[in-house]
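# Observations on the model geometry
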Amino acid sequence: MHDYQLVDGDTTVYRDGSIKLHTPEGFEGMRKAGRLAAEILDACVELVKPGVTTGSIDDAVRGMMLDAGAVPATLGYRGYAHSSCISINHVICHGIPGDKVLKDGDILNIDVTPLVDGWHGDTSRMFYAGEPSLKAKKLVEVTYECLMLGIAAAQPGARLGDIGAAIEAHASQFRYSVVREFCGHGLGKLFHDAPEVIHAARAGTGPELRPGMFFTIEPMINLGKPWAKVLGDGWTAVTRDKSLSAQFEHSIAITETGNEIFTKSPTGRDCPPYV
C-alpha cells in the first residue's frame, strides 16, 4: 500500500515517504524550472568539443543558472562542489567536472538541476565530442528510445513498474543492459523524493500512477554488463567491465490524460541524431 499526499504549489513539503500529488501551482513551478534546465543543455551543444575541459563546461552551466536567477541544486548537495555532473564514456553517472579534457569520439552525459523559485528542474542528455564510433552512436540512440518508451508507459492508472518494463524490454532487444544501482525519483520542492523509479521492473507492479505525480525517468544503459561500481571519490559511478554507458533524463508529471515533460528542449536538441 502506498501513501499519497495532496500538496499545494506554495507549501513547504517535507520528506515523509509519501508520493506527492501536486496542484496547478506546482505544474507552473516545474514548467519554469524544467524549461531553464532544457535551455541550459541546449546551450551546452555549442560548448562540447574536443579539447574542452569538463570543468569549463561546468563553469558555463553555473553561470547560466545564476544569470537566470536560479541556483545549482547540486552545489553543496551532500558535499558535492559542482553545478553539474559530467559523465564520459564508461562513467555511468555522477561524473565530477574538472581538468579532464574531452577527446574526439567521446560520448558524455551532462546532468543539470537548476533550482528556480523552490522547484527542481532535473534533466540530462548525451553529447558527442567530435565524431563517436557507430556502436557509441547506436547506444546513445537506443538509450534515448528507452527513455521515451518509459515516458510513453507513464499514464494515469498504470503502475510504476510498467515504466521499467518498457525500458528493459527495448534495451534487451539490442543486448544492452540496464543499470540497477541507480533509479529515477520523485521531485518538486524536494530534489529527491518518493517514488523511486526503477528502470528494470516487472509490468503491473509498484504504485499506481496518479495525476499530479512528479518524477524523473533516467535510464542508464550499458553496452556490456549492467554492473556498476562507485569510485573512491564517493560519487563517480562506472561500468565494472569498462563498457560504454549512456543516459537520458526527463522530469515529467502524470496528468489526467497522460503525462507532461517539463524538461523538453524548446529547440529539439534533446534527442539524437544531433545537428
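It should be noted that the structure appears before, not after, this text.
The notes below deal with the structure included here.

Cut-off values and rules
- Residues numbered from 1 in each chain as written.
- Predicted model: local features only at pLDDT ≥ 70, side-chain atom pairs only at ≥ 80, totals over all residues.
- Heavy atoms only, no water.
- Helix = DSSP H or I, 4+ residues; strand = E, 2+ residues; numbered from the N terminus.
- Rg over C-alpha atoms; globule rule 2.2 N^0.38 Å.
- Buried < 20%, exposed > 50% of the residue type's maximum accessible area, 1.4 Å probe, protein only.
- Contact = heavy atoms within 4.5 Å.
- Areas by Shrake-Rupley, 256 points an atom, 1.4 Å probe, with all protein chains shown as cover.
- Lys, Arg positive; Asp, Glu negative; His and termini not counted.
- Charge placed at Lys NZ, Arg CZ, Asp CG, Glu CD.
- Disulfide = S-S within 2.5 Å.
- Salt bridge = Lys/Arg side-chain N within 4 Å of Asp/Glu carboxyl O.
- Core = buried A, V, L, I, M, F, W, Y, C linked by side-chain atoms within 4.5 Å.
- 1 Å grid on protein atoms, 1.4 Å probe; cavity = no way out; pocket = protein on both sides within 12 Å on 5 of 7 lines; lining within 4 Å.
- Points joined across faces, edges and corners; volume = space filled by probe spheres on them.
- Nonpolar A, V, L, I, M, F, W, Y, C, P; charged D, E, K, R; others polar.
- Pairing = 2+ DSSP bridges.
- Axes fitted to C-alpha atoms, helices over the stretch in contact; angles between N-to-C directions.
- Phe/Tyr/Trp six-rings, centres within 6.5 Å; stacked < 30°, edge-to-face > 60°.
- Lys NZ or Arg CZ within 6 Å of the ring centre and 35° of its normal.

## Things to note about the overall build of the protein
When helices and strands are counted, the protein shows four helices and 19 strands. The C-alpha atoms of the protein give 17 Å as radius of gyration, which agrees with the globular expectation for 275 residues (19 Å, within 12%). Taken over the C-alpha atoms alone, the protein extends approximately 50 × 45 × 35 Å along its principal axes. Within the protein, the proportion of its 275 residues that are buried is 53%. For the protein, the proportion of contacts with a sequence separation of at least 24, taken over those separated by at least 6, is 69%. Put simply, the protein shows about 11600 Å² of open surface, and 54% of that area lies on carbon and sulfur atoms. Within the protein, the 34 negative side-chain charges are centred at a point lying 7 Å from the centre of the 26 positive side-chain charges.

## Focus on the state of the cysteines
What the rule picks out here adds up to zero disulfides. Cys85 takes part in no disulfide bond, and the closest cysteine sulfur, belonging to Cys93, lies 7.8 Å away. Looking at Cys183, it has no disulfide partner, and the nearest cysteine sulfur is the one in Cys93, 10 Å off. The exposure class assigned to Cys183 is partly exposed, which follows from its relative accessible area of 22%.

## Observations regarding the pattern of salt bridges
Here the structure, examined in full by the defined rule, presents 12 salt bridges. Ionic pairing is found between Asp117 and Lys32, a salt bridge with its closest N-O pair at 3.0 Å. With Asp117 in the loop between β7 (114–116) and β8 (119–120) and Lys32 in helix α1 (residues 24–47), this pair connects stretches of sequence that are 85 residues apart. Judged by relative accessible area, Asp117 falls into the exposed class, the value being 56%. For Arg269, the salt bridge identified is with Glu46, shortest N-O distance 2.7 Å.

## Let's talk about the nonpolar core
Counting residues in hydrophobic clusters, the biggest one holds 33 residues, and the most contacted among them are Ala154, Ile163, Leu209, Phe215, Ile217 and Ile221. At eight residues, the largest contribution of residues to this core is made by helix α3 (residues 134–153). Setting aside its immediate chain neighbours within four residues, Ala154 contacts Ile163, Leu209, Phe215, Ile217, Ile252, Ile254, Gly258 and Asn259. Grouped together as the second largest cluster of nonpolar side chains are 28 residues, Phe27, Met30, Ile40 and Ile110 included.

## Looking at helix α4 (residues 160–173)
Listed as buried for α4 are Leu160, Gly161, Ile163, Gly164, Ala165, Ile167, His170 and Ala171. The secondary structure elements touched by the buried residues of α4 are α3, β10 (177–178), β12 (193–197), β13 (214–217) and β14 (220–222). Positive backbone phi, at 60°, marks Arg175, one or two positions downstream of α4.

## Here's the deal with the layout of surface pockets
Of the pockets and cavities examined, the largest pocket occupies roughly 580 Å³. Tyr77, His94, Cys183, His185 and His192 are, among the 24 residues lining the largest pocket, the residues nearest its centre. Class assignment for the residues of the lining of the largest pocket results in nine nonpolar, seven polar and eight charged.

## Comments concerning the sheet that holds strand β6 (residues 107–112)
Strands sit in the order β4-β6-β9 across an open sheet of three strands; the sheet is antiparallel. Two strands close off the open sheet at either side, each with one partner strand: β4 (85–88) and β9 (123–128). Averaged over all pairs of adjacent strands, the angle between strand axes in this sheet comes to 20°, irrespective of strand direction. Pairing of β4 with β6, which is carried by four bridges, proceeds in the antiparallel orientation. Its bridge partner being in β6, Ile88 is matched across the sheet by Leu108.

## Re the packing of aromatic side chains
This structure, assessed with the given rule, holds seven aromatic pairs. Each ring, one from Phe174 and one from Tyr176, has its centre 6.0 Å from the other, and the planes form 25°; the classification is stacked. Tyr176 sits in the buried class, given a relative accessible area of 12%. An aromatic cluster is defined as three or more aromatic residues linked by ring pairs; in this entry it consists of Phe27, Phe214 and Phe262. Positioned above the aromatic ring of Tyr4 is the side chain of Arg210, whose terminal nitrogen or guanidinium carbon lies 3.7 Å from the ring centre.

## With respect to empty space enclosed by the protein
For the structure shown, the criterion picks out three cavities of 30 Å³ or more. Counted as a void, the largest cavity has a volume near 40 Å³. Taken together, Ile19, Lys20, His22, Gly186, Leu187, Asp193, Ala194, Pro195, Met213 and Phe214 make up the lining of the largest cavity. Looking at the lining of the largest cavity, its residues break down into six nonpolar, two polar and two charged.

## Some details on unusual backbone geometry
Of note, the amide linkage connecting Ala194 to Pro195 takes the cis form, showing an omega dihedral of 0°. Phi at His94 is positive, roughly 65°, even though this residue is not glycine. You can see His94 is positioned in the loop between β5 (91–93) and β6. One non-glycine residue, Lys242, lies in the positive phi region at around 60°. Here Lys242 is to be found in the loop between β16 (237–239) and β17 (245–247).

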